[in-house]
Structures are given as C-alpha cells and as structure tokens.
Amino acid sequence: MSLPSVLISEVGPRDGLQSVSRTMPTAAKCAWIDRLFDAGLREIEVGSFVPAKLLPQMADVADVVRHALTKPGLTVMALVPNLRGAEAALAAGVHKISIPLSASEAHSQANVRKTREQALQDLRAITALRQERYPGARVEVGMSTAFGCTIQGTVSDDEVVWVAERAVAAGVDEVGLSDTTGMANPTQVRRLFNRVRAAIGERTGAAHMHNTRGLGLANCLAAFDVGVRTFDASQGGLGGCPYAPGASGNVVTEDLVFMFESMGIATGVDLERLMAARDALAAGLPGEALYGMTPEAGLTKGFAYADGRHPAAERLLNRIEKDCA
Ligand SMILES: [Zn+2]
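Just so it is clear, the structure is predicted and the values come from calculations on it, not from any experiment.

Reading guide: rules and limits
- Residues numbered from 1 in each chain as written.
- Predicted model: local features only at pLDDT ≥ 70, side-chain atom pairs only at ≥ 80, totals over all residues.
- Heavy atoms only, no water.
- Donors = N, O, S within 2.8 Å, 3.2 Å for Na, K, Ca; no water.
- Tetrahedral: all angles 85-135°; square planar, octahedral: opposite > 155°, others 65-115°.
- Helix = DSSP H or I, 4+ residues; strand = E, 2+ residues; numbered from the N terminus.
- Buried < 20%, exposed > 50% of the residue type's maximum accessible area, 1.4 Å probe, protein only.
- Pairing = 2+ DSSP bridges.
- Right-handed = clockwise from strand over helix to strand, strands pointing away.
- Axes fitted to C-alpha atoms, helices over the stretch in contact; angles between N-to-C directions.
- Parallel < 35°, antiparallel > 145°, perpendicular 65-115°, else oblique.
- Left-handed = near helix turned anticlockwise from the far one by under 90°.
- Contact = heavy atoms within 4.5 Å.
- Nonpolar A, V, L, I, M, F, W, Y, C, P; charged D, E, K, R; others polar.
- Phe/Tyr/Trp six-rings, centres within 6.5 Å; stacked < 30°, edge-to-face > 60°.
- Lys NZ or Arg CZ within 6 Å of the ring centre and 35° of its normal.
- 1 Å grid on protein atoms, 1.4 Å probe; cavity = no way out; pocket = protein on both sides within 12 Å on 5 of 7 lines; lining within 4 Å.
- Points joined across faces, edges and corners; volume = space filled by probe spheres on them.
- Core = buried A, V, L, I, M, F, W, Y, C linked by side-chain atoms within 4.5 Å.
- Salt bridge = Lys/Arg side-chain N within 4 Å of Asp/Glu carboxyl O.

A. The coordination of the zinc ion, seen in detail. The coordination sphere of the zinc ion, as far as protein atoms go, consists of Asp 15 (OD), His 208 (NE2), His 210 (NE2) and Asn 250 (OD1), spread over 2.1 to 2.2 Å. Relative to the metal, the four donor atoms surrounding the zinc ion lie at angles of 86 to 166°, and the coordination shape comes out irregular. Donor residues binding the zinc ion come from one chain and are separated in sequence as D-x192-H-x1-H-x39-N. You can see His 208 sitting in strand β7 (residues 204-208) and its partner Asn 250 sitting in the loop between β8 (230-233) and α10 (253-262), a full 42 residues away along the chain. By relative accessible area, His 208 is classed as buried at 8%.

Have a look at this one:
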C-alpha cells in the first residue's frame, strides 16, 4: 500500500522575498534555494518576472532561475504578471509559470489595472505562446481573492467557479485557489474546492493559504480533505502581507510539513534540514522576522516521519556506527 502524500510548493523565494522591502543578494538567494532543495522540496517558486523598476527585489530572477535549473528533479516555477513576463520566464527555461488572476473584479482592477476579461485575454496570449514555442512548460493560474476581497468584501462561489472555467477555457493546465487576504475558513475551503473540482476536474490546482487570522493550517487540512494534494507555503511564513505582529502571512512550510508528516501523510521533506535552512534565509535577510511554531518548539519526542523514519533513532544509529568503526 502506498502512503498518502502531498506536494509542498515552496513560495518563499518569490512570495516571501517580494514582500520584504530589502533585496536579498543573489548569492544568498541561491544558497537558500540549495538548502530548501537539500531538505527535499521539489517545487520552488524562485521569483517573479516583473520589471525591476516595480520590484527591484526580483531584478536578478533570470540568474536565480539559471541556478535553480541545475537541481535535478526540481520543478522551477516563476510568477509572471503578463505576456512579457511569460516570454522572459519561458525563455529563461522555467518549468512552470504561475499567473495571478483575481476572482474579484475590484481586486483585478486595483491590483493589475485590468478587468478580469482583459486578464483572461492576456491568459490566452500566454497559453498560445506556450503552445507554439514551449510545449513542455506548464501554465498555472493562482486565483487571488478566491475566498474574499479587502476591497469588494464577499466574493461569491459562482464568481470563483466562473473564473476557473474561463481560465481552463483559455488553455491553462491548473487553477489553484489563493486566500490572498486571509479571509478563508475551513468550511468555505471545502465547499469552494468541491465546487471548483466539480467544474474543472483534475485541473484543480494548489491551495495557497495565508495565516493572517491563524487559520492557515486548518484551511490546508480542509483542502486536503476534499482532495487537494499541492500546497503552497513559505519558509518562516515570509511574505503574504501580515497584518498583525506574531501572525505570519503565508502558511509556514515547517509547520505544514510537521502537520502532514505527523498525520502519516508523506511530504518528502526532511524537517530537521528544513528548519536548519532557516539559517540561510536569516543570513540573506539579517533581522527579518521569521515565524513558525514547530521551529520554536522543536520536533516532538519520538517524532517519526510518515514513512516510518525516526530522526532521533537515526542519529543514535549513526553515532553507534561511528563509535564502532
Ligand atoms: Zn501568499
């Protein structure tokens, strides 16, 4: 019997670093990605292809992509806001591009200064480019404000389903749902993913949850319960616009991995290595607040991974082997 498993998509180098005003040096970004990869993460969103004028933090994205592409078995992802960004990202060789598309009309106009219809038109241009020149690349939509909007307030389920269907009709491979504003609750998460899956089936993508009001993990679990198997998270909870001190924006990767592994759901991630990777993040952004309960508390006594590996026992065994050698 194979273990239940999930894919953790690390978004810290993109979602995290673009919401910090300081710029992490390129070498530090690459060193951090090395450590995330060594911890077992196999999908990393490494940056955004946006004009350096708008986001100087991402000016070196092509160099970071080039480095990430040297990692065997790593899916290298980048966010692109428009066709020009998609052209640059695909030319740089990313495996997967993620395009934000707002569920809320008000958010779409405020955030990207496009109506949803215009954004969908751009999407069609991007999938046409993929079709023509980069047939191996994957195109994903991250539907922002799917669970509520700070401008418009409530976003109806029907709107979300409509946007998801239109995105699929525009030729994208996957549509994930993002709780951009930290407004989701588990009941809503179950209901909405069920409705989106009923509409677009296997093209239903990742859950991108925020921990703004402390419900990030609960919302991830709710999404898991209704069949979601890819989860975005950020090391140290970096990014995602936290509103309150002590509450991270993005779901903390360390806590999410701990939750799934201790439930017997495999992530492929080594938690001790993952927690140690925080050093690389801290070295690149000295003094930046890092969140996470598991890194604070440490692993539980007797902690075992979903696949039965037992870090404390392995360490003991290594020591005995060394002593006897
Ligand atoms: Zn986020």
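Let us keep going from here.
B. Here's a closer look at the pairing of β7. Along β7, five of the five residues are buried, which leaves the element largely enclosed by surrounding structure. As defined by bridge partners, strand β6 (residues 174-178) adjoins β7 across three bridges and the pair is classed as parallel. Within β7, the residue paired with Ser 178 across the bridge is His 208. The parallel pair β6 and β7 is bridged by helix α8 (residues 186-200), and the resulting crossover is right-handed. Across two bridges, β7 lies against β8 in parallel orientation. Paired with His 208 across the two strands is Asp 232, which belongs to β8.

C. Region of the structure containing the packing of helix α9 (residues 216-225) against α10. Orientation of α9 relative to α10, taken along the N-to-C sense of each, is 45°, at an axis distance of 11 Å. Between α9 and α10, the interaxial angle falls into the category oblique. In this structure, the crossing between α9 and α10 has a hand that is right-handed. Side by side, α9 and α10 meet where Leu 217, Cys 220, Leu 221 and Phe 224 of the first sit next to Asp 255, Leu 256, Met 259 and Phe 260 of the second. For the contact of α9 with α10, the class distribution of residues is seven nonpolar, no polar and one charged.

D. Quick peek at the packing of aromatic side chains. For the structure shown, the criterion picks out four aromatic pairs. Ring plane angle 50° and centroid distance 5.1 Å describe the contact between Phe 231 and Phe 260, whose orientation is recorded as tilted. Within this pair, whereas Phe 231 is found in strand β8, its partner Phe 260 is found in helix α10, the two being separated by 29 residues in sequence. Judged on exposure class, the residue Phe 231 and its partner Phe 260 are both buried. Between Phe 258 and Phe 303, the ring centres sit 5.5 Å apart and the planes meet at 25°, which makes this aromatic pair stacked. Remark: Phe 303 occurs in the loop between α13 (293-297) and α14 (311-324) and Phe 258 occurs in helix α10; sequence separation between them is 45 residues. On the accessibility criterion, Phe 303 (5% relative accessible area) is buried. Every member of this aromatic cluster is reached through a ring pair, and the members are Phe 224, Phe 231 and Phe 260. When the ring centre of Phe 37 is taken as reference, the NZ or CZ atom of Arg 42 above it lies at 3.9 Å. In this structure, Arg 229 is placed above the aromatic ring of Phe 224, and the distance from its NZ or CZ to the ring centre is 3.8 Å.

E. Molecular detail of the layout of surface pockets. Quantified by volume, the largest pocket comes out at close to 1,100 Å³. If you go around the largest pocket, you meet 41 residues; those closest to its centre are Arg 14, Gln 18, Leu 79, Pro 100 and Asn 111. Classifying every residue of the lining of the largest pocket by side-chain character gives 16 nonpolar, 18 polar and seven charged.

F. Broad picture of the nonpolar core. Membership of the largest hydrophobic core comes to 90 residues, with the highest contact counts inside it found for Ile 97, Phe 193 and Phe 231. Sequence-distant contacts of Phe 231, defined by excluding residues within four places in its chain, comprise Val 6, Leu 7, Ile 8, Ser 9, Ala 207, Cys 220, Ala 223, Phe 224, Leu 256 and Phe 260.

G. Just the pattern of salt bridges, in detail. In the structure shown here, the tally under the stated rule is 23 salt bridges. A salt bridge links Lys 71 to Asp 34; the nearest nitrogen and oxygen atoms lie 2.8 Å apart. Remark: Asp 34 occurs in helix α2 (residues 26-38) and Lys 71 occurs in the loop between α3 (61-68) and β3 (75-79); sequence separation between them is 37 residues. Judged by relative accessible area, which is 16%, Lys 71 ranks as buried. According to the relative accessible area criterion, Asp 34 is partly exposed, its value standing at 21%.

H. Focus on empty space enclosed by the protein. Scanning all chains against the criterion turns up two cavities of 30 Å³ or more. Around the largest cavity, the lining residues are Pro 81, Ile 99, Pro 100, Leu 101, Val 112, Lys 114, Ala 119, Asp 122, Leu 123 and Ile 126. Those elements that place two or more of their residues in the lining of the largest cavity are β4 (96-102) and α6 (116-133). In terms of residue count, α6 provides more of the lining of the largest cavity than any other element does, four residues in total.

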